[in-house]
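Survey of secondary and tertiary structure
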Amino acid sequence: MNKKMAGMILSMLMVTGTVMGAVPTSAAGDTIKIGLTVPLSGDRASEGSYATNALELVVEEINSAGGVLGKDIEVVVQDTTGTDVGATNAYLKLAADDDIVAIIGSDNSNDNIAIAASAEASQILTTTQGSSPTLQETCEAGEWLFQLRACDSTLCAALMDYAVNEMGSKSFTIIHDTETASADQARLFQEGIEANGGTVDEVIPFTNGTKDFTAQLSQAMQSDSDALVVACLQTEAAILIQQAKALGIEKPIYGSNAFGDPVTVDLAGESINDAYSITAWVPDSPNEMGAEFSKKYEETYDEACAKAAAQIRDHIYVICEAIETAGSTDRTEVRDAMLTLTNYEGAITTYDCSLKGNCGKGGLIVQVKDLIPTVVEEITTK
Amino acid sequence: MFIQLLISGIAVGVIYGLIAMGMVLIFRTVGIMNFAQGDFLMFGGYFAYTFNQMFGLNIVISLILAALCMGVIGVIFMRTSYWALRKAQAKAIIVSAMGASIVLREGARHIWGAIPLTLDRVKEGSVVLAGATIQWQYVAIIGIALLMMLLVYFLLEKTFIGNIMQATAQDQYMSSLVGIPVVVSIGLTFALSAVITGICGGLLAPIFFLNNTMGTMAGSKAFAAIVIGGFGSVPGAIIGGLIVGLVEQFGGAYISSTYQLALIYIVLIVFLMFRPKGLFQEKIQEKA
Amino acid sequence: MLARKKRNTPVIVITAFLILLIAVVPQFTSTYTVRILSVALINYLCVLSVYVLLGLCGQNSFAQAGFWGIGAYIAGNILTKTFGGSLTAFVAAVCGTAFLAFILGFAFFRLRQYYFTFASIGLMTILNVLFINWVDFSGGALGMKEIPTFQLFGFSADSETSKLYVVFAVCLVATFLILLLFHSSLGRSFMAIRDNEMAADSMGINSLLTKSIAFAISGALCGAAGAMWASVSGYLSYQSFTYNQSTIYLVMIMIGGTGSPIGALIGTAAITILQEGFRSLQDYMQLIYGIGVIILMIFQPEGIWGGGKILYERFRKHREKSKVSAV
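Residues numbered from 1 in each chain as written. Chains lettered and ligands numbered in written order. Predicted model: local features only at pLDDT ≥ 70, side-chain atom pairs only at ≥ 80, totals over all residues.

Attention shifts here to the overall build of chain A. The helix and strand inventory of chain A stands at 13 helices and 14 strands. On C-alpha atoms alone, chain A measures out to a radius of gyration of 22 Å, which is about the 21 Å that the 2.2 N^0.38 rule sets for 382 residues. Each principal axis of the C-alpha distribution contributes one length, and for chain A these read about 65 × 65 × 40 Å. Across the 382 residues of chain A, 62% fall into the buried class. (Helix = DSSP H or I, 4+ residues; strand = E, 2+ residues; numbered from the N terminus. Rg over C-alpha atoms; globule rule 2.2 N^0.38 Å. Buried ≥ 20, exposed ≤ 12 C-beta atoms within 10 Å, placed from the backbone.)

The helix and strand inventory of chain B stands at eleven helices and two strands. Its helices and strands taken in sequence order, chain B reads α-α-α-α-β-β-α-α-α-α-α-α-α from the N to the C terminus. For 288 residues, the compact-globule estimate of 2.2 N^0.38 gives 19 Å, and chain B sits close to it at 19 Å. Out of the 288 residues belonging to chain B, those deemed buried represent 58%.

It is worth spelling out the packing of helix H12 (residues 307-326) of chain A against helix H13 (residues 331-339) of chain A at this point. Residues and elements named next belong to chain A. Look at H12 against H13: their axes get within 8 Å of each other, and the N-to-C directions meet at 110 degrees. Between H12 and H13, the angle falls in the class roughly perpendicular. On H13, the residues touching Ala322, Ile323, Thr325 and Ala326 of H12 are Glu333, Val334, Asp336, Ala337 and Met338. Considering only residue class, the contact of H12 with H13 consists of six nonpolar, one polar and two charged. (Axes fitted to C-alpha atoms, helices over the stretch in contact; angles between N-to-C directions. Parallel < 35°, antiparallel > 145°, perpendicular 65-115°, else oblique. Contact = placed C-beta atoms within 7 Å. Nonpolar A, V, L, I, M, F, W, Y, C, P; charged D, E, K, R; others polar.)

Residue and element names in this part refer to chain B. Here helix H6 (residues 160-170) has its buried residues at Met165, Thr168 and Ala169. The arc enclosing the buried residues of H6, seen along the axis, measures out at 105 degrees, which places them on a common side. Away from its buried face by more than 90 degrees, H6 exposes Phe160 and Gln170. Its buried side turned inward, H6 meets helix H1 (2-30), helix H5 (136-158), helix H7 (172-177) and helix H8 (182-208). (Arc of directions from axis to C-beta.)

On to the sheet that holds strand E14 (residues 372-380) of chain A, then. Residue and element names in this part refer to chain A. Ordered in space as E7-E6-E8-E9-E10-E13-E14, the seven strands form an open sheet in which the pairing is mixed. Of all the strands in the sheet, the pair left with one neighbour each is strand E7 (199-206) and E14. Strand-to-strand twist across the sheet, computed as the mean angle between neighbouring axes with direction ignored, equals 20 degrees. Pairing of strand E10 (residues 276-279) with strand E13 (residues 362-369), which is carried by four bridges, proceeds in the antiparallel orientation. Within E13, the position partnered with Ser277 by the bridge is Val366. (Pairing = 2+ DSSP bridges.)

This part takes up the domain arrangement of chain A. All names here are of chain A. Under the domain assignment, chain A is made up of domain 1 (31-150 + 286-361) and domain 2 (153-279). Measuring from the centre of the C-alpha atoms in domain 1 to the corresponding centre in domain 2 gives 29 Å. Facing the ten residues of domain 1 at the interface are eleven residues of domain 2. Tallied by class, the residues present in the side of domain 1 that touches domain 2 amount to four nonpolar, five polar and one charged. (Domains from an automatic or database assignment.)

Moving on, we get to the sheet that holds strand E2 (residues 72-79) of chain A. All names here are of chain A. The five strands are arranged E2-E1-E3-E4-E5 in an open sheet whose pairing can be described as parallel. Looking along the sheet, the strands with just one partner apiece sit at the ends: E2 and strand E5 (145-147). Neighbour to neighbour, the strand axes of the sheet diverge by 25 degrees on average, direction disregarded. With four bridges connecting them, strand E1 (residues 31-38) and strand E3 (residues 100-104) associate as parallel partners.

Here the focus is the packing of helix H10 (residues 234-255) of chain B against helix H11 (residues 260-274) of chain B. Residues and elements named next belong to chain B. At a closest axis distance of 9 Å, the pairing of H10 and H11 adopts a crossing angle of 125 degrees. Accordingly, the angle class assigned to the pair H10 and H11 is oblique. Seen along the crossing, H10 lies across H11 with a hand that is right-handed. Contacts between H10 and H11 involve Val244, Val247, Glu248, Gly251, Gly252 and Ile255 from the first element and Gln260, Leu263, Ile264 and Val267 from the second. Its residues placed into classes, the contact of H10 with H11 shows six nonpolar, three polar and one charged. (Left-handed = near helix turned anticlockwise from the far one by under 90°.)

Contact residues are listed per partner, giving 29 residues for chain C and 36 residues for chain B. Of all the secondary-structure elements, those providing two or more residues to the side of chain C that touches chain B are helix H5 (113-133), helix H11 (243-256) and helix H13 (285-299) of chain C. Looking at which element gives the most residues to the side of chain C that touches chain B, the answer is H5(C), with ten residues. Looking at the side of chain C that touches chain B residue by residue, the classes come out as 21 nonpolar, seven polar and one charged.

All names here are of chain A. Counting through the fold element by element, Glu321 comes out in helix H12. Judged by the 18 C-beta atoms lying within 10 Å of it, Glu321 falls in the partly exposed class. The sequence separation of Glu321 and Cys353 amounts to 32 residues, and the corresponding C-alpha distance is 11 Å. Ignoring anything within four residues of it in the chain, the contact list for Glu321 reads Leu341 and Tyr344.

What follows covers unusual backbone geometry. Most peptide bonds are trans, and most residues other than glycine sit at a negative phi. With a phi close to 50 degrees, A:Asn358 is a non-glycine residue in the positive phi region. Residue placement: A:Asn358 occurs in the loop between strand E12 (350-351) and E13. A:Asn358 gets classed as buried once you count the C-beta atoms within 10 Å, which come to 22. The backbone of B:Phe209 shows a phi angle near 70 degrees, a positive value even though the residue is not glycine. Note on placement: B:Phe209 falls in the loop between H8 and helix H9 (214-229).

What follows covers the interface of chain C and chain A. As a measure of interface size, the accessible area lost when the parts come together is often cited. Residue-level contacts link 40 residues of chain C with 41 residues of chain A. For the side of chain C that touches chain A, the elements supplying multiple residues, two or more each, are helix H2 (31-56), H5, helix H12 (261-277), H13 and helix H14 (303-326) of chain C. When residues of the side of chain C that touches chain A are assigned to their parent elements, the largest contribution, six residues, is made by H2(C).

Before going further, it helps to spend a moment on H12(C). Residues separated by three or four positions in an α-helix point in the same direction, a consequence of the helix having 3.6 residues per turn. Taking 1.5 Å of rise per residue, 17 residues should cover 24 Å, and H12(C) covers 23 Å from first to last C-alpha, within 8% of that figure. With 17 of 17 residues buried, H12(C) is to be regarded as a mostly interior element. (Expected span 1.5 Å × (residues − 1).)

Turning our attention to the pairing of E1(A). A regular strand carries its side chains on alternate faces of the sheet. Judged by how many residues are buried, E1(A) sits mostly within the fold: seven of eight residues are covered. Assessed by its sense of winding, the connection that carries the chain from E1(A) through helix H2 (residues 45-64) of chain A to E2(A) is right-handed. (Right-handed = clockwise from strand over helix to strand, strands pointing away.)

Quick look at the environment of A:Leu364 now. All names here are of chain A. When you line up the elements, Leu364 lands in strand E13. For the pair Leu364 and Gly260, spaced 104 residues apart in sequence, the C-alpha to C-alpha distance is 9.8 Å. If near-sequence neighbours (up to four positions away) are discounted, Leu364 is found in contact with Thr279, Ala280, Val282, Val375, Glu378 and Ile379.

One finds C:Leu45, C:Leu221 and C:Ala224 to be the most contacted residues of the largest nonpolar core, which totals 349 residues. Here this core takes 19 residues from H2(C), the largest share from any one element. Residue-level mapping places this core at the junction of two domains, with at least three residues from each of domain 1 (31-150 + 286-361) and domain 2 (153-279) of chain A. Apart from the residues lying within four places of it in its own chain, the contact partners of C:Leu221 are C:Leu45, C:Cys46, C:Leu48, C:Ser49, C:Val52 and C:Ala174. (Core = buried A, V, L, I, M, F, W, Y, C linked by C-beta atoms within 7 Å.)

For the rest of this paragraph, the subject is the confidence of the model for chain B. For chain B, per-residue confidence averages 88 on the pLDDT scale, and 97% of positions sit at 70 or higher. Interface predicted TM-score (ipTM) for the complex: 0.88; the corresponding pTM is 0.91. (pLDDT = per-residue confidence, 0-100.)

Residue and element names in this part refer to chain B. Summarising the element assignment, Tyr138 is placed in helix H5. Considering only alpha carbons, one finds Tyr138 and Ile64, 74 residues apart in sequence, at a separation of 19 Å. Excluding residues that lie within four positions of it along the chain, Tyr138 makes contacts with Ile7, Ser8 and Ala11.

Moving on, we come to the pairing of E7(A). Residues and elements named next belong to chain A. By the bridge criterion, seven bridges tie strand E6 (residues 171-177) to E7 in an arrangement that is parallel. Residue pairing across strands places Asp177 opposite Phe206, the latter belonging to E7. With helix H7 (residues 180-195) bridging E6 and its parallel neighbour E7, the resulting β-α-β unit is right-handed.

In structure tokens form, the structure reads like this:
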């Protein structure tokens with residue numbers, strides 16, 4: 001009997017909980033609020049941990065320098081739970097709060113495309129972190145979305161240009177994850193190779209969640225191409241490159257941005273040395289502001305500053321700049337001000353927000369040397 | 001290429017087999033499939049990481065310590081999400097195990113963070129055998145797995161505690177009548193199951209790396225292994241695991257790399273169509 | 001007659017309450033709340049499909065999110081490639097998914113109990129891999145975007161609120177049909193199989209066919225939910241149609257109670273509340289959710305509705321007893 005009572009009370013508490021949750025908790029209006037949707041739980045929670053760390057630093061930095069328009073800023077975080085349904089819910093929750101001036105989307109093109117329609121309907125400035133060319137189209141077609149980073153189309157072509165013309169690799173085998181970003185990158189790599197007169201011998205796709213790559217790598221070993229091109233996420237990149245080295249593959253490896261990421265380098269260890277990759281960010285940043293932020297991040301959290309963290313820094317700064325330019329927190333005015341930022345220098349690169357899609361201007365070709373991702377060449381969008 | 005695929009197939013297969021064996025031990029005793037078994041794998045990996053990387057202990061010692069910790073986790077798991085529900089319908093226990101699985105996953109993220117981690121291998125490097133390169137870790141996995149199978153066999157068949165556990169598995173009511181403390185016996189079974197799976201986690205972590213969702217995929221492959229092997233059969237689970245591992249490798253290489261994951265389940269379903277009760281069919285008649 | 005009426009009272013009360021809620025809420029709240037309600041109702045349709053399969057027929061399937069996806073992609077394909085209008089898309093999604101489930105049912109129900117459950121987990125994984133890789137059908141990993149909204153006889157569900165009304169209407173019709181099923185002879189043969197399959201067989205029920213029909217009905221419900229989701233969200237991605245989502249449906253029905261569609265409704269509401277109401281807990285939310293599920297199962301293994309009913313029965317008996325003793 002008691003147990004049942006406890007159960008009933010618990011369920012009643014929950015109903016009360018929602019009613020409480022449904023009432024908007026409006027804080028005092030003396031801060032400027034920016035929303036952030038990020039996976040705090042689920043498969044991609046590491047992104048959330050970088051993002052929350054970074055925003056703590058950045059908010060402190062901006063507020064101690066006097067804030068924006070004389071007010072302190074505050075970043076409201078909502079969990080996407082790693083699905084696009086969750087991302088949309090989180091986004092709408094933020095958009096419903098009238099105090100929020102702009103929203104930062106997650107580092108996942110699927111999430112970003114899922115919220116596109118809601119962004120247009122809610123009429124709020126939204127910056128997206130995804131790098132897919134489809135997202136670029138979506139952002140350019142919309143009024144309120146900005147793809148605040150360099151699109152993969154520029155970056156992948158540049159790496160392949162480097163591989164064919166500088167390194168002299170002529171034939172390639174492509175191994176890629178079929179997950180959104182990697183599938184796009186693989187397609188762009190292929191186009192880049194063919195545009196530079198190289199040949200693609202074989203394309204070997206695998207489905208996200210594959211952990212043992214012996215089958216894929218054995219297939220790749222059968223062909224006699226000059227080099228291996230790999231597009232996948234961090235963990236898979238580390239597993240794959242370790243197994244490739246264990247199997248004795250000595251060909252040069254060109255990879256997607258995951259191959260220059262500190263997480264991948266930490267996991268893979270020695271095996272990742274010499275691998276080339278194309279990315280927007282390395283912790284050892286050639287950019288002055290980037291180097292400063294990277295150092296600060298590493299001192300505070302005792303871990304290397306990954307792209308996910310630096311990207312959050314730039315997004316917050318760009319939005320703050322837009323608010324400062326607009327001179328108000330009106331959503332439409334902030335969006336209009338955003339469009340006038342044609343040459344904003346961030347920690348990762350310089351941004352031209354008038355483009356809406358593919359706003360980031362440059363990328364880096366990186367080679368891992370002695371476990372440090374080292375910049376080989378800097379690329380700027382033509 | 002053939003030998004290459006064979007060895008990695010076997011190594012990954014015995015791991016699936018061991019996870020499946022952990023599940024089968026629980027299934028035989030309480031008649032419930034443990035939907036949180038994959039998370040035992042993850043937790044074991046994290047414990048091994050703690051001892052190995054944080055305290056700087058040798059990997060073998062870390063694995064043994066991690067195994068002890070997993071025993072405790074197994075008992076806690078049994079007490080919180082099984083024992084209170086033992087008289088309820090099976091569905092309720094499955095759901096509470098799913099809740100526990102979320103708690104374990106999210107708990108691990110709060111303790112160890114969301115960024116993937118790695119730990120030491122039992123032995124670094126690789127050896128060349130008949131034209132195939134084999135990583136020592138794979139050899140170690142196969143060796144330790146065989147050792148563990150032998151130990152479990154010995155424990156269950158030759159020791160007093162094992163006999164108690166076997167008796168409880170066969171008839172809980174009857175065992176309580178002859179004075180076997182059923183709660184202790186079931187607790188031991190859960191602990192043993194968690195220990196086996198946890199060690200697998202520690203062995204897999206250096207090659208597949210640790211994150212808080214690593215258990216989901218391994219767990220679902222272990223399900224496939226159990227079904228192919230036939231429920232309730234310990235040798236069946238091991239052989240089922242090997243079949244899953246080999247299908248994964250050879251299917252990925254020769255049939256379709258894209259549909260590698262799906263292939264395992266297609267084989268599973270086709271297999272079940274012809275042999276609906278698995279390789280080693282249950283000896284017990286279906287109850288009317 | 002009176003007894004029948006009495007049994008339906010809670011259904012009527014709850015329906016009336018919901019109609020009121022759905023009519024009033026959108027006027028006062030944000031798009032967010034309206035969207036949450038739409039998503040919850042779509043989840044309810046899927047949970048209802050689990051009710052038919054598990055609650056009525058005693059079969060536990062983890063492929064429901066996969067069927068949801070199939071329905072969504074069928075509707076999405078028809079709408080984006082303009083093979084037909086909204087009604088065609090809806091009917092095709094329902095019938096297509098039901099047909100597929102029916103065919104698969106014949107193969108899968110050769111297996112019993114746990115074997116069926118695990119085969120359904122396999123099916124779920126296969127479907128998810130297909131959604132990621134079958135570019136022509138699902139748009140690949142990037143998914144399918146810019147799906148037009150629901151339109152019928154000049155009425156166009158453009159706003160979040162009108163989408164909610166469409167979803168709600170579908171839910172009402174579906175619930176009504178399932179209640180009819182419950183009282184039909186088909187429904188009784190489902191329950192006979194649930195209670196004792198061998199006995200049902202010996203009474204002349206073709207259990208394979210009957211179970212396949214149950215699977216088809218649950219498929220139809222998921223298909224309807226899928227078509228609704230395609231129109232509500234306008235974007236479909238493989239990330240939604242996963243094994244994890246299927247387990248959430250099972251959790252929902254078990255929390256609510258497997259005994260009636262009301263259980264499905266309560267379960268959906270409870271989990272939605274847990275997941276959305278406690279957003280302010282940030283990254284502790286999922287942890288609390290997990291603990292909440294365990295606690296609810298320990299205290300209410302029959303679900304909130306089932307447990308509540310037992311409690312009510314006890315209370316009534318107790319009162320009757322005290323009345324008798326007073327006399």
